[in-house]
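Understanding the architecture of this molecule
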Amino acid sequence: MRYLIKEGIIVSSQGQEKGDILIQDEKILQVGQGLSPGDEETEVIDGTGKYIFPGFIDTHTHFDLDAGDFHTADDFYTGTKAAVAGGTTTVLDFTTQEKGQTLKEALDAWHALADGKSSCDYGFHMSITDWNQEVRAELTDMTRLGVTSYKLYMTYDHLMVDDRRIMEILEAVEQEKGIIGVHCENHGIIARLIAREKGAGRGERILSHPRSRPAEAEAEAIHRLLVIAGLAGTPVNIVHLSTALGLQEVEAARRKGQQVFVETCPQYLALEESVYERPGFEGAAFVCSPPIRTRKDVDSLWQAVGQGRLDMLGTDHCSFHMASQKIQGLKDFTRIPNGLPGVEHRPVLFYSLGVVKERATVEEMCRLLSERPAKLFGMYPKKGAVAPGSDADLVIWDPDARWTIRAADQVQAADYTPYEGLEVQGRAATVFLRGEIVARDGKVCRERKGQYVSRGPRQV
């Protein structure tokens, strides 16, 4: 099938230009002005007044995740449908190596969850929890299989690795020209503050969740990680940055010449800590880790966005039902499963709260949601670019659409959205995945078209 998008505003990180895009089969064939359909079978789409973005990439999802006592509401079927409905054409999900498991066994398990079910393209980060020489020897095989990014945890008893192993893994992955993302929170501080909250009789208080995971716990872990990475001589990626204190640690390291990449999430740009003080059990809807922060933190992150100091906007989509799952923490805040849904609404949240409010430009939207992730995670220019030869992953964005986010209307499976009732502007009017139209105006019209993306080394 051939499509010709006429007179759209084509966006890159470097600027915007009115032009036409000719699509044939899975690829972009031509980009220019005054392009001709070439034959009667080419479908012409009027892009007048609309932005044309390269398909958005979500760098941080958790679909079909077994979280011990709970299983996420979204699997790869519902989660990737929600992604394309909002304009995201590629997700990077996290495989988790269990103790005693090889990396290949973990990767195979996630392929079984995603293959044949996904409605957008997908790749995998590999979470390493059990490091040894046998696992070290597997890294070359992971590169061959298209896995070039990894994750480490500095907290959670069953996931965390110690400082020595963090340094060893950083050095080993650097030899593969890969990149490691790290969940930075100080495990000991959190454990002690949880004990303090419960000891004071505040175990039922939802506000105890952010109180037990303060900004200092994130900032200390970031500082420690950056010291380790500096000694290892490797770049590193900070996932879901949430605080001004953490950002200060990043900037201090950058001033010393370290290469540090930073991801934040829409919840840290759109919400404030007061959500935990909502009446009754309502605040449980917002329990995630790191938690929602203060207005000062929100403002600091937006300032960093506007100045181009962040690298990507992932969602950390990890959805649970309020009625049947989050409610299990009614008497104990540590039993509330951590995570929020967000993969469907990430683009419109950034556009409404960033571009419309003049905190960010459409060029920055393209950089954070598409181009920079594609380069960092070894997919550019196959993904992340509107250029001849690139995959025809495109979002025709209607900047004038106005609507209200409601759980009743969403595609993602969770029984709520943290953005309920938020009036937003902008919408993915038409979404192309490798040359096929898969969604229109928030509704999925073609399912299960996603393919695995085998990725190369980082390009930044």
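The structure displayed is predicted, hence computed values, not measured ones.

With nine of nine residues buried, strand 7 (residues 88–96) lies mostly within the body of the structure. Sheet topology places strand 6 (residues 56–61) next to strand 7; four bridges connect them, and they run parallel. Considered in strand 7, the bridge of Phe56 is made with Thr88. Taken together, strand 6, helix 1 (residues 76–86) and strand 7 form a β-α-β motif whose crossover is right-handed. Pairing analysis gives seven bridges linking strand 7 to strand 8 (residues 121–127), with the strands arranged parallel. By the bridge assignment for strand 8, Val91 is matched with Tyr122.

Attention shifts here to the side chain of Thr234. By the secondary structure assignment, Thr234 is in the loop between helix 7 (215–232) and strand 11 (236–238). Setting aside residues up to four positions removed in sequence, Thr234 forms contacts with Leu170, Glu171, Glu174 and Ala229.

Before going further, it helps to spend a moment on the packing of helix 2 (residues 103–114) against helix 3 (residues 133–144). Contact geometry of helix 2 with helix 3 gives a least axis separation of 9 Å together with a crossing angle of 45 degrees. Judged by the inter-axis angle, helix 2 sits oblique to helix 3. For the pair helix 2 and helix 3, the contacting residues are Leu103, Lys104 and Leu107 in the first and Val135, Glu138, Leu139 and Met142 in the second.

As a further point, take the sheet that holds strand 12 (residues 260–264). Here eight strands make up an open sheet; going across it, the order is 6-7-8-9-10-11-12-13 and the pairing parallel. Two strands close off the open sheet at either side, each with one partner strand: strand 6 and strand 13 (312–313). Bridge count between strand 12 and strand 13: two bridges; the pairing is parallel. Bridging from a neighbouring strand, Glu263 pairs with Met312 of strand 13. Across the sheet, helix 7 lies against strand 10 (179–183), strand 11 and strand 12, angled at about 170 degrees from strand 11, the strand it touches most.

Applying the stated criterion to the full structure yields 35 salt bridges. The residue Lys27 makes a salt bridge to Asp391 at a minimum N-O spacing of 2.6 Å. With Lys27 in strand 3 (residues 27–32) and Asp391 in the loop between helix 12 (362–376) and strand 14 (394–404), the pair connects residues that are 364 residues apart, well separated along the chain. Judged by its relative accessible area of 1%, Asp391 falls in the buried class. Asp311 is the partner of Arg372 in a salt bridge, and the nearest nitrogen-oxygen pair spans 2.9 Å. Of this pair, Arg372 sits in helix 12 while Asp311 sits in the loop between helix 10 (295–306) and strand 13; the two residues are 61 residues apart in sequence, bridging distant segments of the chain. We classify Arg372 as partly exposed; its relative accessible area is 23%. Ionic contacts of the salt-bridge type, sharing partners, join the residues Glu26, Lys27, Asp121, Lys382, Lys383, Asp391, Asp393 and Arg434 into one network.

The rules behind these values
Residues numbered from 1 in each chain as written. Predicted model: local features only at pLDDT ≥ 70, side-chain atom pairs only at ≥ 80, totals over all residues. Heavy atoms only, no water. Buried < 20%, exposed > 50% of the residue type's maximum accessible area, 1.4 Å probe, protein only. Helix = DSSP H or I, 4+ residues; strand = E, 2+ residues; numbered from the N terminus. Pairing = 2+ DSSP bridges. Right-handed = clockwise from strand over helix to strand, strands pointing away. Contact = heavy atoms within 4.5 Å. Axes fitted to C-alpha atoms, helices over the stretch in contact; angles between N-to-C directions. Parallel < 35°, antiparallel > 145°, perpendicular 65-115°, else oblique. Salt bridge = Lys/Arg side-chain N within 4 Å of Asp/Glu carboxyl O.

Don't take any of this as a statement about function, it's just geometry.
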